[in-house]
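Breakdown of the fold
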Amino acid sequence: MKMKKWAVLVAAGALVASLALFGCSSGGGQDSDAKSGDGNATDAGYTLVNDGKLTVAASLDFPPFENLNGNAPEGFEVDLMGLLAEEMGIESNYLPSTKFDTIVPLIQTGGKADVGVSGITITDERLEQVDFTDPVCDVNQSITVLKDSGITDVAQLEGKKIGGQSGTTGFQWAAENVKGAEVIAFDEMTAVFAALQSGQIDAIAVDWPVANYYVKNAYTDCQIIKEIPTGEQYAIAVSKENPELTKALNTALKAIKDNGKYDEAVAKWLS
């Protein structure tokens with residue numbers, strides 16, 4: 001998404017090209033009794049909200065990264081968090097869906113979740129609030145419209161309405177780069193696509209993999225007209241008070257890249 005916020009979920013040729021971009025990549029500390037909120041200290045020096053579990057805050061409407069299948073979370077980052085937790089000898093536990101623009105503040109405050117995900121782009125602003133692991137994916141932004149809209153270029157959006165998920169880099173990009181457009185925020189990605197279909201907005205600004213997933217799997221009357229090379233990187237948000245957890249996650253991330261499990265998750269969800 002997103003500064004932020006398969007959101008979310010990511011055509012054969014186009015995706016193959018994008019997977020070069022999805023250089024879905026790998027990689028960092030305080031003393032061993034450091035705590036985030038009222039967490040439980042581990043032998044590895046980091047703390048967890050719940051013993052033996054990596055508690056994850058995510059917006060579960062961002063496929064192919066996070067989405068609900070019935071009541072069960074699924075997606076690339078869901079599998080990723082499970083693999084990382086397994087490598088660390090613990091379990092991954094997702095909280096109920098969390099509004100995207102509240103995830104980073106939630107991790108910053110501590111006490112309810114150990115980590116935050118949902119296509120969270122590393123930005124300078126967010127780095128003031130939380131730490132990030134090494135990048136887990138590289139993405140671009142995109143513009144999506146209805147197929148019969150007659151809109152084929154971003155320049156045609158001047159003076160029109162563009163929807164985006166609140167707090168995401170897609171929303172921010174549209175607000176900063178589309179002259180004269182009214183950019184409207186929505187809490188959930190599904191609501192943005194519903195607004196496009198109902199004529200409330202003229203276009204959507206969202207991370208390319210998410211737009212691609214929605215267009216292919218649910219909103220086939222829509223099309224992506226532009227992939228915007230913003231060169232963003234997703235990572236896992238961790239409290240600054242829990243640096244040893246960031247280190248442990250980076251170690252686990254390197255391990256699953258080395259053993260091929262990371263590539264298997266990429267092939268499953270992002271191709």
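In case you missed it, the structure is sitting above this.
Residues numbered from 1 in each chain as written. Predicted model: local features only at pLDDT ≥ 70, side-chain atom pairs only at ≥ 80, totals over all residues. Heavy atoms only, no water.

What follows deals with the nonpolar core. Grouped together as the largest cluster of nonpolar side chains are 53 residues, with contacts concentrated most on F76, M81, L84, V115, I236 and L249. Broken down by element, this core gets its largest block of residues, eight residues, from helix α2 (residues 76-88). Filtering out sequence-adjacent residues up to four positions away, V115 remains in contact with L54, T55, V56, A57, M81, I107, I236, A237, V238, L245 and L249. With 13 residues, the next largest nonpolar core counts V145, L157, I162 and A203 among its residues. (Core = buried A, V, L, I, M, F, W, Y, C linked by side-chain atoms within 4.5 Å. Buried < 20%, exposed > 50% of the residue type's maximum accessible area, 1.4 Å probe, protein only. Helix = DSSP H or I, 4+ residues; strand = E, 2+ residues; numbered from the N terminus. Contact = heavy atoms within 4.5 Å.)

The three strands are arranged β4-β5-β6 in an open sheet whose pairing can be described as antiparallel. Every other strand in the sheet has two partners, leaving β4 (61-62) and β6 (72-74) as the edge strands with one partner each. Bridge count between strand β5 (residues 66-69) and β6: three bridges; the pairing is antiparallel. Opposite L68, over in β6, you have P73 as the bridge partner. (Pairing = 2+ DSSP bridges.)

Turning our attention to the sheet that holds strand β13 (residues 203-207). Two pairing modes exist for strands in a sheet, parallel and antiparallel, and in both the strands are linked by backbone hydrogen bonds. Taken in spatial order, the five strands line up as β12-β11-β13-β10-β14 in an open sheet, and their pairing is mixed. Pairing within the sheet leaves two strands with one partner each, and these edge strands are β12 (182-186) and β14 (222-234). Direction aside, neighbouring strands of the sheet carry axes that sit 25° apart on average. When strand β11 (residues 161-165) meets β13, the two strands line up parallel, connected through two bridges. Following the sheet pairing, I162 is matched in β13 by A203. The sheet strands contacting helix α5 (residues 169-177) are β10 (137-146), β11, β12, β13 and β14, and the helix crosses β12 at an angle near 165°. (Axes fitted to C-alpha atoms, helices over the stretch in contact; angles between N-to-C directions.)

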